[in-house]
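One letter stands for each residue in the lines below.
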Amino acid sequence: VRNHMTGEYGGVPDTARHYKAQGKNWVAIGDDNYGEGSSREHAALEPRHLGARAIIVKSFARIHETNLKKQGLLALTFQEPSDYDRICPDDLISIRGLKDMAPGKPLQCVVRHSNGQEETLQLNHTFNDLQINWFRAGSALNFMKLKQ
């Protein structure tokens with residue numbers, strides 16, 4: 001993946017560690033059935049630990065999607081799966097609509113291309129009210145701690 005801060009290409013973990021050290025949030029873009037074979041909670045814990053804020057994909061493996069939500073990550077799908085092909089390695093991503101996030105209400109993904117053009121894509125989610133609270137608290141455990 002391309003590190004937007006250095007312009008260099010490297011592995012996802014190395015780039016994520018660099019972003020985390022610099023205090024920069026990041027998102028991962030994935031294809032179909034993201035997380036297949038990754039039903040263990042650790043597979044969702046690592047992106048959280050490395051500073052990810054969202055995973056945007058065509059589709060999720062069911063258990064992995066739930067584990068991402070428990071870790072306080074936004075598990076989002078492209079409303080139009082073909083929008084996956086609109087994302088380029090050097091694009092910057094912003095997610096809009098988080099303040100008013102509600103079950104069944106799509107979010108917007110603003111994609112800023114390297115040529116300066118922007119486009120807005122629609123993102124779906126399957127969060128219920130409790131899971132939205134997990135996201136806002138940073139994880140399910142953080143939310144439970146707040147409730148004590």
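Our structure is the block above this text.
On a predicted model such as this, the values are computed, not experimentally measured, just so you know.

A.B. asks: Quick question: what am I supposed to make of the side chain of Asp91 here?
C.D. replies: Among the secondary structure elements, Asp91 is positioned in the loop between β3 (74-78) and β4 (92-96). Buried and unpaired, Asp91 has no salt bridge, with Arg2 as the nearest side chain of opposite charge at 8.8 Å. A polar atom in the side chain of Asp91 sits 2.9 Å from the side chain of His113. The residues contacting Asp91, other than those within four sequence positions of it, are His4, Arg86, Val111, Arg112, His113 and Ser114.

A.B. asks: What am I meant to see in the side chain of Ser139 here?
C.D. replies: Considering the arrangement of structural elements, one finds Ser139 in the loop between α4 (129-137) and α5 (140-147). Among the residues examined, Ser139 registers a relative accessible area of 3% and is labelled buried. At 3.0 Å, the side chain of Ser139 and the backbone nitrogen of Asn142 are in polar contact. Residues within four places of Ser139 in sequence aside, it is in contact with Arg48, Lys70, Gln71, Gly72 and Trp134.

A.B. asks: Got a minute to help me understand the pairing of strand β1 (residues 26-30) in this structure?
C.D. replies: The two faces of the sheet receive side chains in turn, since in a regular strand these alternate between them. Every second residue of β1 is oriented toward a common face, the buried set being Trp26, Ala28 and Gly30 and the non-buried set Val27 and Ile29. One ladder, built from five bridges, connects β1 with strand β2 (residues 52-57); its direction is parallel. Directly across from Ala28, in β2, lies its bridge partner Ile55.

A.B. asks: Would you explain the pattern of salt bridges in this entry?
C.D. replies: Oppositely charged side chains can pair when the atoms bearing their charge come close. Counting across every chain of the model gives four salt bridges. One salt bridge connects Arg17 with Asp14, and the closest N-O pair in it is separated by 3.3 Å. Linking Arg17 with Asp14, this pair stays in helix α1 (residues 12-21), spanning three residues, or about one helical turn. Owing to a relative accessible area of 54%, Asp14 belongs among the exposed residues under this scheme.

A.B. asks: I tried to follow the environment of Glu119 on my own but got confused; where do I start?
C.D. replies: Examined against the element boundaries, Glu119 turns out to sit in strand β6 (residues 118-124). With a relative accessible area of 18%, Glu119 lands in the buried category. A sequence separation of 11 residues divides Glu119 from Gln108, and the C-alpha atoms of the two residues are 9.9 Å apart. Each residue touching Glu119, except ones within four places of it in the same chain, is listed here: Arg86, Cys109, Val110, Val111 and His113. Within the local environment of Glu119, its side chain forms a polar contact with the side chain of His113, the two groups lying 2.6 Å apart.

A.B. asks: Sorry if this is basic, but what is going on with the layout of surface pockets here?
C.D. replies: Vacant regions in the atomic arrangement are exposed by a probe of water-molecule size rolled over the atoms. Estimated volume of the largest pocket: approximately 740 Å³. As for the largest pocket, its lining consists of 25 residues, and the residues nearest its centre are His4, Trp26, Val27, Ala28 and Ile93. Only α1, β1, β2 and β4 provide two or more residues apiece to the lining of the largest pocket. Taken together, the residues of the lining of the largest pocket break down into 18 nonpolar, three polar and four charged.

Cut-offs used in this document
Residues numbered from 1 in each chain as written. Predicted model: local features only at pLDDT ≥ 70, side-chain atom pairs only at ≥ 80, totals over all residues. Heavy atoms only, no water. Helix = DSSP H or I, 4+ residues; strand = E, 2+ residues; numbered from the N terminus. Buried < 20%, exposed > 50% of the residue type's maximum accessible area, 1.4 Å probe, protein only. Lys, Arg positive; Asp, Glu negative; His and termini not counted. Salt bridge = Lys/Arg side-chain N within 4 Å of Asp/Glu carboxyl O. Polar contact = N/O pair within 3.5 Å; in protein donor to acceptor, adjacent residues only side chain to side chain. Contact = heavy atoms within 4.5 Å. Pairing = 2+ DSSP bridges. 1 Å grid on protein atoms, 1.4 Å probe; cavity = no way out; pocket = protein on both sides within 12 Å on 5 of 7 lines; lining within 4 Å. Points joined across faces, edges and corners; volume = space filled by probe spheres on them. Nonpolar A, V, L, I, M, F, W, Y, C, P; charged D, E, K, R; others polar.

The values are spatial; any link to function lies outside them.
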